[in-house]
Amino acid sequence: MATRKGAASSAPHAADVHDVIRVHGARVNNLKDVSIEIPKRRLTVFTGVSGSGKTSLVFNTIAAESQRLINETYSAFVQGFMPTQARPEVDVLDGLTTAIIVDQQKLGADPRSTVGTATDANAMLRILFSRLGKPHIGPPGAYAFNVPSVRASGAITVERGAKKAVKATFNRTGGMCTRCEGRGTVSDIDLTQLYDDSKSLADGAFTIPGWKSDSFWTVRVYAESGLLDPHKPIRKFTKKEMHDFLYREPVKVKVEGVNLTYEGLIPKIQKSFLSKDKEALQPHIRAFVERAVTFTTCPECDGTRLSEGARSSKIKRINIADACAMQTSDLAAWVGEIDEPSVAPLLTALRQTLDSFVEIGLGYLALDRPTGTLSGGEAQRVKMIRHLGSSLTDVTYVFDEPTAGLHPHDIQRMNRLLLRLRDKGNTVLVVEHKPETIADHVVDLGPGAGTAGGTVCFEGSVEGLRAGDTVTGRHFDDRATLKDTRRGPTGALEVRGADANNLRGVDVDIPLGVLAVVTGVAGSGKSSLIHGSVSGLDGVVSIDQGAIRGSRRSNPATYTGLLDPIRKAFAKANDVKPALFSANSEGACPGCNGVGVVYTDLAMMAGVATVCEECEGKRFLASVLEYRLGGRDISEVLAMSVTEAEEFFGSGEAHTPAAHRVLGRLADVGLGYLSLGQPLTTLSGGERQRLKLATHMGEKGGIYVLDEPTTGLHLADVEQLLGLLDRLVDSGKSVIVIEHHQAVMAHADWIIDLGPGAGHDGGRLVFEGTPDDLVADRSTLTGEHLAAYVGA
């Protein structure tokens, strides 16, 4: 026994040798047969220029396969209700553990989704008030703004022996405000935006987008319902006709012998436009909704979303609405003062959640903050909260730029949190560009972007990367220096008494004709100041971090409007219609409807995409591909990179100035490697933002507002961005940038620093002046970090 025990102890246990995630032959997107071993229970950071393949390797290969394998453990019946995922293109994936993805996808913008509901803090508060609130008004649902009160009475038949009817009543007390239905705001519709009352229905009175006079389901239902006179101007309707026109309950009517539902215009508009997430609407519909609908705070609940009963129940003179309106750092202190043994475990769990908010740098958020108003970085950190207290170990956590939106002061805190997850025995994979991020192991992808990337250039320690001859290694210690000369302002944009969110009546003159940078810790009020007081003004082009909406048919050529001049050039050269050169119109291959691939739904199993056999992935009819411009057909042009296309349309037979201008802007923002026909769904976050920037650069506007344009940018690309900002300013534009990156601060002509802290500790102007003065003063957190960065 002793000998056998000794022999066994010298060799590792079979279960202990699986200490790496092994990837062999990964070919997702632009990856070129990548083979790599990633150590488990370590913090591994993936670096490389934008578009080098980091997301393809970490998210689309490792995390995607882990989630697919977990889904396969469920029964086929359950899998039928789950999103299906195809197996990534990779030869071998070994040693995977359960992957938890914490990305920067914005949380749902549903009107009833708040920070509290997204983190379960609200659920715990509701239980707390249902136990300790005075007066007691009911169970936790009585404090929930998502739960309406319900009362019912009647008879039920009990099938037991001889059937008999029993009288029954049902009551449920909910916390929802009946006036605003738990939204906190009520909408008022401006009728002048819906119709022209001087016209009749037959004369085209409706001014609603998409409501054409021959539309069977909309205009004709009203005109031919028999309830209204279609030839009478709307302003001459009788009181009854006006009520039927605007508010009539749904009723069946016959139009040309077809049964249709007629209902008043107001409820119809509310159902078709207002019940949807405004951000998900098409741009022209969204513009109509913004014109036609005004949202005001609900007068009955004063914006708290809660019924009078829920607001009357209090703990220590605080009701649940007051608690949710506090910033979480204050709420944590208030909960800490409650000492009640009967709910001790609940109080412990609630304190841990609220302390996590503070620890992760979100102590300035209130639980009633709508999730749709959070930035990508804030949304990612809110998702992290539920994992910080988790007891799970041997899990793979995957993060996408967790430092996005963080001031240099907060990055150290984020590093500590990532290390805490690792030290619990988890594998942490991070896609990141900031050199301040700590790492046990680094994987550098590149060397370039797009087709020039997709290979592993380096793997090892941070010191090894710094000394290595890769793009990341060479730029690792790059530091922008303070400029010798700075541009002077040509005017000023006066902001007076700005008080949106946490701002304390800020008065500031934002200089025009220069590069002005707005800084401050996360939650100090930067976005509130700029988006609240500047973005809506005439002549201001605002480029935020919102996602680009587009289907798998959308690509850079369609999004930027580049395809229009290209189609016209092809049509003119071949004397045919431009519609032939659209994969969404007459020229589309009938086999794949112009998509290039055929999607096969395999019910319970993952769907499969196969290249269309008819057009071989070219998306167009064979007859269309016979038409040429400069010796190339339309599919060959869409396969070109921006750089190739810029040269192609710049001179010779294919010379097209309108296309060349758009391509020049795409190259300016560092997207020269993108192919014109690459689906938008395959672009990274940084690529999408720069694509928006290139599109807006063509707009006429004197002032550009950029919200953290360095997000997703590699160290080597930041230099190119600074050059672009300089060119914009030198061309006569004013550029205002909300930014945390010290290189942009150092390059600025003028800095506006908000703070000193976040939430109610911020919202004040703590510095305005040149970067040199900020460094010399070192009076703010930004000043201290900028001084350290430039080595002053």
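You'll find the structure just up there.
The numbering scheme is per chain: residues are counted from 1 as the chain's sequence reads. Two thresholds apply to this predicted model, a pLDDT of at least 70 for residue-level local features and 80 or more for giving and counting side-chain atom pairs, whereas whole-chain, interface and lining totals are computed over all residues. Just so you know, side-chain values use all the structure's heavy atoms and leave hydrogens and water out.

Peer 1: Can you help me understand the environment of A15 in this one?
Peer 2: Starting at the N terminus, helices and strands are each numbered in turn, a helix being any DSSP run of H or I of at least four residues and a strand any DSSP run of E of at least two. Structurally, A15 is set in the loop between α1 (2-10) and β1 (20-26). Note: C-alpha distance between A15 and L638 (623 residues apart in sequence) is 51 Å.

Peer 1: Quick question: what am I supposed to make of the pattern of salt bridges here?
Peer 2: Between side chains of opposite charge, a pair can form as their charged atoms come close. Salt bridge, as used here: a side-chain nitrogen of Lys or Arg that lies within 4 Å of a carboxyl oxygen of Asp or Glu. This model, assessed by the stated rule, comprises 31 salt bridges. In this structure, K232 and E241 form a salt bridge, with 2.9 Å as the shortest nitrogen-oxygen distance. Residue E241 is classed as buried on the basis of its relative accessible area, which comes to 13%. We note a salt bridge from R628 to E636, for which the minimum N-O separation is 3.5 Å. On the basis of relative accessible area, R628 is assigned to the partly exposed category, the value being 38%. To sort residues, take the accessible area from a 1.4 Å probe on protein chains only and compare it with the maximum for the residue type: under 20% means buried, over 50% means exposed, and anything in between is partly exposed.

Peer 1: Explanation requested: the sheet that holds strand β5 (residues 99-102) in the structure shown.
Peer 2: Pairing between the strands of a sheet comes from backbone hydrogen bonds, and it takes one of two forms, parallel or antiparallel. DSSP-based pairing: two strands are paired if at least 2 bridges between them are found. Spatially, β5-β14-β15-β3-β16-β17 is the arrangement adopted by the six strands of the open sheet, whose pairing is mixed. Looking at which strands have only one partner, the edges of the open sheet turn out to be β5 and β17 (455-460). Across the sheet, the mean angle from the axis of one strand to that of its neighbour is 20°, orientation sign disregarded. In terms of strand pairing, strand β3 (residues 43-47) meets strand β15 (residues 427-431) through four bridges, oriented parallel. Note on β15: the bridge partner recorded for T44 is L429. Orientation is described by axes fitted as lines to C-alpha atoms, over the contacting stretch for helices, and by angles from 0 to 180 degrees between their N-to-C directions.

Peer 1: Any chance you could explain the layout of surface pockets here in plain terms?
Peer 2: To find leftover empty space, one rolls a probe the size of a water molecule over the atoms. Of the voids in this model, the second largest pocket is the one considered here, and its volume is about 420 Å³. What lines the second largest pocket is a set of 19 residues, among which D478, R479, H741, A743 and Y789 lie closest to the centre. Looking at the lining of the second largest pocket, the elements with two or more residues in it are α15 (408-423), α25 (715-730), α26 (742-747) and α28 (781-790). Each cavity reported here is a set of points on a 1 Å grid over the protein atoms alone in which a 1.4 Å probe fits but cannot get out, each pocket an open set with protein on both sides within 12 Å along at least five of seven lines, and each lining residue one with an atom within 4 Å of a point. Grid points are joined across faces, edges and corners, and a volume is the space filled by probe spheres set on the points.

Peer 1: I would appreciate a short explanation of the nonpolar core in the present structure.
Peer 2: Generally speaking, a soluble globular protein has its nonpolar side chains buried in company with each other. Think of a nonpolar core as a cluster: buried Ala, Val, Leu, Ile, Met, Phe, Trp, Tyr and Cys residues, connected wherever their side-chain atoms sit within 4.5 Å. Counting residues in each nonpolar core, the largest one holds 68 residues, and the members touching the most others are L125, L128, L331, W334 and F399. L562, I566, L625 and L721 belong to the second-largest nonpolar core, a separate cluster that totals 67 residues.

Peer 1: I tried to follow a nonpolar patch on the surface on my own but got confused; where do I start?
Peer 2: Put simply, a patch holds well-exposed residues, over 30% relative accessible area, that have no salt bridge, with like charges counted together within 9 Å and Val, Leu, Ile, Met, Phe, Trp or Tyr side chains within 5 Å. Note on areas: Shrake-Rupley with a 1.4 Å probe; residue coverage comes only from the protein chains shown. On the surface, Y74, F77, V78 and F81 cluster together into a nonpolar patch covering about 460 Å² of accessible area. Tracing the chain through its elements places F81 in the loop between α3 (76-79) and β4 (92-94).

Peer 1: What is the right way to read the packing of aromatic side chains from this model?
Peer 2: Remark: the centre distance and the inter-plane angle together describe each pair of aromatic rings, the angle taken between the planes. In summary, the pairing rule links any two rings of Phe, Tyr or Trp, Trp by its six-membered ring, whose centres are within 6.5 Å, and it sorts them by plane angle into stacked for under 30 degrees, edge-to-face for over 60 and tilted for everything else. Applying the stated rule across the entire model yields 14 aromatic pairs. Plain terms: the ring middles of F581 and Y627 are 6.0 Å apart, the flat faces sit at 70° to each other, and that makes the pair edge-to-face. One end of the pair, F581, is in the loop between α20 (563-574) and β22 (597-600); the other, Y627, is in the loop between β23 (608-611) and α21 (634-638), with 46 residues separating them in the sequence. Overall, the relative accessible area of 0% leaves F581 in the buried class. What makes Y627 partly exposed here is its relative accessible area of 28%. A connected cluster of aromatic rings, assembled from ring pairs, spans Y195, F206, W211, Y222, F237, F245 and Y262. Distance and angle both matter: a charge sits over a ring if NZ of Lys or CZ of Arg is within 6 Å of the ring centre and within 35 degrees of the ring normal. Seen from the ring of F145, R305 lies directly overhead, with NZ or CZ sitting 5.0 Å from the centre.

Peer 1: Is there a simple way to explain a negative patch on the surface in this structure?
Peer 2: Charge counting follows a simple rule: Lys and Arg are positive, Asp and Glu are negative, and His as well as the terminal groups are ignored. One atom stands in for each charge, and that atom is NZ of Lys, CZ of Arg, CG of Asp or CD of Glu. A contiguous patch of negative charge on the surface is contributed by D16, D19, E37 and E459. Inspection of the secondary structure puts D16 in the loop between α1 and β1. For D16, a relative accessible area of 55% translates into the label exposed.

Peer 1: Looking at this structure, I do not really get the environment of T218. What am I missing?
Peer 2: Considering the arrangement of structural elements, one finds T218 in the loop between β8 (185-189) and α6 (219-223). Among the residues examined, T218 registers a relative accessible area of 13% and is labelled buried. In this structure the C-alpha to C-alpha distance between T218 and S582, which are 364 residues apart in sequence, comes to 30 Å. Working rule for contacts: check all heavy atoms of both residues, and any pair within 4.5 Å makes them a contact. Not counting the four nearest positions on each side in its chain, T218 is found in contact with W211 and K268.

Peer 1: So what exactly am I meant to see when it comes to the sheet that holds β1 here?
Peer 2: Taken together, three strands build an open sheet; the order of strands is β2-β1-β4 and the sheet is antiparallel. At either end of the open sheet lies a strand with only one pairing partner, and these are β2 (34-39) and β4. Pairwise comparison of adjacent strand axes, ignoring direction, gives a mean angle of 5° for this sheet. Here β1 pairs with β2 via five bridges, running antiparallel. By the bridge assignment, V23 is partnered in β2 with I36.

Peer 1: What is the right way to read α20 from this model?
Peer 2: Expected helix span is computed as 1.5 Å times (number of residues minus one). Counted at 1.5 Å a residue, the expected span for α20 with its twelve residues is 16 Å, and the 16 Å between its end C-alpha atoms agrees. Among the residues making up α20, those that are buried are L563, P565, I566, R567, A569, F570 and A571. Once α20 ends, the next one or two residues include D575, with phi positive near 55°.

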